[in-house]
Amino acid sequence: MDISIPHSLGRVEARRRIEVGLPKLAAHIPGGGALTSEWAGDYVLNMTITALGSRIPVSLTIEEDRLSGSLEVPALMRMMQGQVAEFVELSAGKMLDKA
Amino acid sequence: MQVYTAPLRDMRFVLNELHQDDGFGGLSVHEEFTTDLTDAVLEEAAKLCQDVLLPINLSGDAEGCRYENGVVRTPKGFKEAYDQFVQSGWGGLVMPVEYGGQGLPEAVGKLVEEMICATNVSFSLYPGLTAGAVTALNAYASEELKAAYLPKMISGEWSGTMNLTEPHCGTDLGLLRTKAEPVGDGSYKLTGSKIFISAGEQDLTSNIIHLVLARLPDAPKGVKGISLFLVPKFLPDEAGNPGARNGVRASGIEHKMGIKASATCQMQFDEAIGWLVGEPHRGLEAMFTMMNAERVGVGIQGLGIGEAAYQSAVWYAKDRLQGRSLSGAKYPDKAADPIIVHPDVRKNLLTMRAYNEGCRALGAWVARGLDAEKHATDPEVRQRAEDFVALMTPVVKALFTDLGHDSASLAVQVYGGHGYIHESGVEQYQRDARIAMIYEGTNGIQALDLVGRKLGAHMGRYLRSFFHPVSAFIEENKGEGPMQKMIEGLEKAFGALQLSTATIAEKGMKDAEEAGAAASDYLRLLGLVGMAYCFAKSTKIAGLQLFFGTEDKAFYETKIKTATFFFEKILPQATTHFLAIKAGKGALMAFAEDEF
Amino acid sequence: MVKELCVIGAGTMGAGIAAQAANAGVPVLLLDIVRDAADRNSVAAGAIERLKKAEPAAFMSKAAARLVEAGNIEDDLGRVAECDWVIEAIVEKIELKHALYEKLEAVRTPGTAISSNTSTIPLDRLIEGRSEAFARDFLITHFFNPPRYMRLLEIVAGPKSDPALVAKVSDFADRAMGKTVVRAKDTPGFLANRVGTYWLQAAINAAFEQGVSIEDADAIGGKPMGVPKTGIFGLVDLVGIDLMPYLKASLTGTLPANDPYQSIAHDHPLILKMIAEGYTGRKGKGGFYRINKEAGKVKEAINLSTGDYAKAAKPVSIPSAAQKDLKALISAPGVVGAYAWAVLGPTLAYAAGLIGEASDDILAIDVAMKLGYNWKYGPFELIDRIGGADFVARLQAEGREIPAILTLAAGRPFYRVEEGVRQYLGADGEYHAIARPDGVLLLEDIKAASKPVLKSASAALWDIGDGVVALEFTGKMNALDGEVMKLIEKTIPLVAEQYKALVVYNEGSNFSAGANLGLAIFAINIAAWGEVEKLVAGGQKAYKALKYAPFPVVAAPFGMALGGGCEICLNADAVQAHAETYIGLVECGVGLIPGWGGCGELMVRAAQSPKAPKGPMPPVAKAFETISTATVAKSAANAKEIGYLRPSDGITMNRDRLLADAKARALAMVEGYTPPAPPTFRLPGASGKTALELAVKGFRARGLATPYDEVVADKLATVLTGGDADVVDTVTEEQLLALELREFMTLVRDSRTQARVEHMLTTGKPLRN
């Protein structure tokens, strides 16, 4: 499932805001969830959202004008793929909004 | 009052969300059936059942069928309802497209069946028996016979029946006596009597196509000498329309405890002309292939009634004002509180609810297996689906009908004294539900089929299709987290099931009576674990939906509460059955016959 | 003893006898006529080449094949002077034999045994015209086909034969060639063929007379009577229908006119027609049964009344009582009882009638039929199963003559156990203890005379004397399960305290086919992974306990010793194997790997082999090759070649001597015994694994390995190379066992392994997925 979050911050600023926002995001995951992340290169972020034992790998690439990426949900979650994508887009958007 | 609104949200849940990870492919196997399309089908079906079938349910039970000189009249409104039913194409919903059916998957078909049975079980038997006859003909009849009969049966213009039982033989079909003599031109003359033939005669269709089990002149004794024949009420003329009257007639109808609007006939075959379906002497085989699909259908009857009984009971519990809540008046401005405030009433209601949702979830999984065994492209998946359906068919049939009847009885209880009165509508549910525990193989027979045939088949391979997914789910979701308690409960019940399986396999190999003694407890235990697995998965999905944000919060939150109820109040029964199995056959067989 | 043998006549029997003597480690000179002046030994040499390719194999090892030398009777007859025993196995023509014996008389050293493999010519006719000295050294030694596998040897001594010489030949045939010697009188057909020919004739006659189909005859006259499932007509197809008139002619020609065989020995026109048309059995284009290739390899059976072939029908069903109970069989309703009695009645009466004429010993007749025709029960054992009195009564009701021995028996059983001793009824009407030859110890005798020291559902422990106990597997197919392991754990402290040594041995049809896969697949099917792990870990623990027990443990395998059955031998201090032991680690064939220490033990043996190159990789590669191909040895000698058995392990040729030999081996190790030191392994790690993976890819490319074979081989390679660690220096035995367990459990959860196990259990054949 592809995700896309447009922004107008330029690559460097976008990356800085993501870096700052990640730990806060991780702390606010609802009960039964966890977020781990790893930078694979300067502008590529690999995350894993764990919710109720299900692991959803998310990979984000920070581009000049948008965050692009994809996520893969386990079979059981196929019907809520869209919601998960929205959740990621929303969370990423929140991180980008905070200065 | 008979209250019913099809539980479409729960149906869509089990159809689209719950079983995505079972590897059966499901609806994606039929690419043209999008969720939008199937959701629309369910909605339309709901409307038909609620608006057309439900209103004639109670009246049909009151009036019953009438027999006059070989003619059987169905109750008022049934003919119109039937016409509307077939004109909208509901008769051929899951039937093959090449003969005019809609080719929908069973995953959808069984949900539609549930709605029909919830609103009018008697009515469901007319198209239901036809569907059984169509399945048998489609699998075994010659192309010629199929071309001549299937299109009109699938469209509903003609109906079908299954003629097996005779006065002296039901379970033991090897004893049957109906004879078939070859005429010489490829047709046969059948002579004999059959009883308990649903829809054997009726005033809904212009022709009735009877499938009849009979013996050929040179047939070996016992079950290896039975052949299957097609015997129409009216022999088709050259144009394929009903022509000459054939030598088959109803000699009377039964006056039954329930399903009174279903015409259960005694049939006489008097040199009636018929044609062989399939190979000589292999009629029982043909019948049994069809019976497996029918058995799942009978299970759905139980589920449908259970849902209708629940909704009717809920309506009454909210409406009926009696006494006050144990924790203080909840509606002080009313004369009394509705009885739904009471824990004991809630217990009855929620038991029904848990049974219904658990069976619906389990049934949806088995329906996906029915589709996958026919349509999956991967032969390994097809094999696994076949194994799964073989294993679960007796469970669906016996569990769903037992629980459906329990729900109906609980509904009567909730209604109190009024429940016992015909006009209230709920006692009809109990009477209608009772037969499902008996026909298509009594529930005792289902249990024996499970432990005697299915458990040991292919060194126990069928078991894998159930045990492995459940075991994997437990392993994946064990440990801390919101689901911890539920998984522990599931693990405990699953462990009891594993031990019981080993016990029965070991003891049963040396002594068939040990298997027989444990059979019905084992079937119930397997059913409980199956429902628990479905409820645990439902909880996980609901939890994930709530986690990621959904507009449908209420549905998922309530689902979790129903699941919690099931785990806390119903699943502990697993221990009971496990202990009973462990105890063995001793207490049963210790009695000499004259001590009874 | 016999240090060199000569066999004259390189036909099927002669060549096979030569091969079996070579299997005993004795050099053999194989002679035949000169057919090609340019290549004078071509006949014998050609026979040796055919022996090397024979199916089933004639030689037990490559070394044995090198012991047979080809020669011819013109140039090499003089070399019999260096031989201790000459066996004549030429065509059954008296003139040719006489001519040969005359030549032999001239060149042999007196004291050299001369024997004939004749089946039809009486001894006194054979030695006509020979000197007294020749007659002293002459006897008949009648082998059965094929000489490697058939245990029976009928020995007929002449009135002038030197008893000491006969004993010497007998002893060699027994101990070195592994034959069970039965002494027969010089009567036509001796014992086995005398009864066997009568039996087949009576059975064939009855089928024609009663209108019984050949399928029904074979079903009734086979398993329910303890006869191999080829039954009657299937057996005749196997030995060759054209042999029948030949055997008949020789017996009718030599038996007295009033012998009961004479009255039943007639030809059937249909059978003569079949022979004339080339339907001589399996070697030809078919016989009573044939495979119709045009109709799609359909098995067809001939109709005895019409002579036409039709698809072989399912035979008549035999009531379950009659399948096990001979009394019920012969009185079963319909064709089953009628045919069964028509076969058994006259045949058993005929066998009983031989006492006083062809033999004085019921034991000899029973052993002859059991070992010569693979009957489960001999004729007198069969009479006991019917009940002597009932049998006699039924014969009398039909007006048949009652043989003297039956009258003498007066309803008493022919065999009984009296105070723990097995006895038989002698021709004198008295019971005598069944005496075993020196060096023969049978567990069945011990079981008749004592109770087990320990017992569980699948195993038992027996005191076999002199401080030695025997661990016997008792489950179906001697399969190994948790119950066996539990008994092993209980056995060890008991033996340490009260006995000196342990032998692992049983007398089933096979030593052990391995772990109980039926139990395993059941546990797998219900996802009881903990139970499966217990099965593996339990076996590891029990086998290691045996390995490090404070007393000698000797494994005595025979027949199939597969998987876990092989591993128990690998963990024993020493192995005393029967020559016909088919031992191997077969786990890869069912999608698993050895889990009870087989991987480590095989590497240890490979490393200890004197021919092994140095370094960590060669033992790994050798073990990998053997295990991944699920190699099974074709004999104990072959097992040494492969590396399952050590060079120092012993081989017993005669099945009856296996237990005594194993016991002696164990006792010899008691003095100063210390348990072995646990091995440590230097394993090549990831680089070694890569090398093994390359080898497997090569197999895949050549179509020798399936995709799943590659997956299984990968797990095996992980274990053998020491696991996932980068550079592995020393791996302990414990660590290796843990690796075995881990990879085993991974494979067991794979649906492809599950499919392989299920397929093996239901069809007996491996699934190549």
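Whatever comes next refers back to the structure up there.
How each quantity is defined
Residues numbered from 1 in each chain as written. Chains lettered and ligands numbered in written order. Predicted model: local features only at pLDDT ≥ 70, side-chain atom pairs only at ≥ 80, totals over all residues. Heavy atoms only, no water. Contact = heavy atoms within 4.5 Å. Salt bridge = Lys/Arg side-chain N within 4 Å of Asp/Glu carboxyl O. Helix = DSSP H or I, 4+ residues; strand = E, 2+ residues; numbered from the N terminus. Buried < 20%, exposed > 50% of the residue type's maximum accessible area, 1.4 Å probe, protein only. Pairing = 2+ DSSP bridges. Axes fitted to C-alpha atoms, helices over the stretch in contact; angles between N-to-C directions. Parallel < 35°, antiparallel > 145°, perpendicular 65-115°, else oblique. Left-handed = near helix turned anticlockwise from the far one by under 90°.

A.B. asks: Is there a simple way to think about the arrangement of the chains in this case?
C.D. replies: Where two pairs of chains are in contact, the pair with the most contacts is made of chains A and B. With no contact formed, the shortest span from any C-alpha in chain A to any C-alpha in chain C equals 20 Å.

A.B. asks: Mind showing me how you'd approach the pattern of salt bridges here?
C.D. replies: Once their charged atoms are close, side chains differing in charge can pair, the charge on each being opposite to the other. Scanning the entire structure with this criterion turns up 84 salt bridges over all chains. Note that Arg40(C) and Glu74(C) form a salt bridge whose closest N and O atoms lie 3.0 Å from each other. On the criterion of sequence distance, the pair formed by Arg40(C) in the loop between strand S2 (28–32) and helix H2 (42–53) and Glu74(C) in the loop between strand S3 (68–72) and strand S4 (85–88) is long-range, its members being 34 residues apart. Its relative accessible area of 29% is what places Arg40(C) among the partly exposed residues. For the salt bridge of Asp174(C) with Arg657(C), the shortest nitrogen-to-oxygen distance reads 2.7 Å. Of the two residues, Asp174(C) is situated in helix H7 (residues 163–176) and Arg657(C) in the loop between strand S23 (650–652) and helix H29 (658–668); the sequence distance between them amounts to 483 residues. Each of the two residues, Asp174(C) as well as Arg657(C), counts as buried. Through salt bridges that share partners, Asp10(B), Glu114(B), Glu307(B), Arg353(B), Glu357(B), Arg360(B) and Lys559(B) make up one connected network.

A.B. asks: Mind showing me how you'd approach the pairing of strand S10 (residues 298–302) of chain C here?
C.D. replies: On any regular strand, side chains alternate: one points to one face of the sheet, the next to the other face. Residues and elements named next belong to chain C. Most of S10 is tucked away: four of the five residues are buried. Where strand S9 (residues 289–292) hands over to S10, the hairpin turn is made up of five residues, of which Gly296 adopts a positive phi near 90°. Bridging between S10 and strand S11 (residues 309–311) involves three bridges; their strand directions are antiparallel. Bridge pairing links Ile302 to Tyr309 in S11. The antiparallel hairpin formed by S10 and S11 contains six residues in its connecting segment, where Gly307 sits at a positive phi of about 80°.

A.B. asks: Please clarify how the packing of helix H8 (residues 283–319) of chain B against helix H9 (residues 343–375) of chain B should be interpreted in this entry.
C.D. replies: Between two packed helices, both the angle of their axes relative to each other and the distance between the axes serve to describe the pair. All names here are of chain B. Running from N to C, H8 and H9 point in directions that differ by 150°, and their axes come no closer than 9 Å. By the criterion of interaxial angle, the relationship of H8 to H9 is roughly antiparallel. Crossing of H8 against H9: the hand is left-handed. Side by side, H8 and H9 meet where Val296, Leu303, Gly306, Glu307, Ala309, Tyr310, Ala313, Val314 and Ala317 of the first sit next to Val345, Leu349, Met352, Arg353, Asn356, Cys359, Arg360, Val366 and Leu370 of the second.

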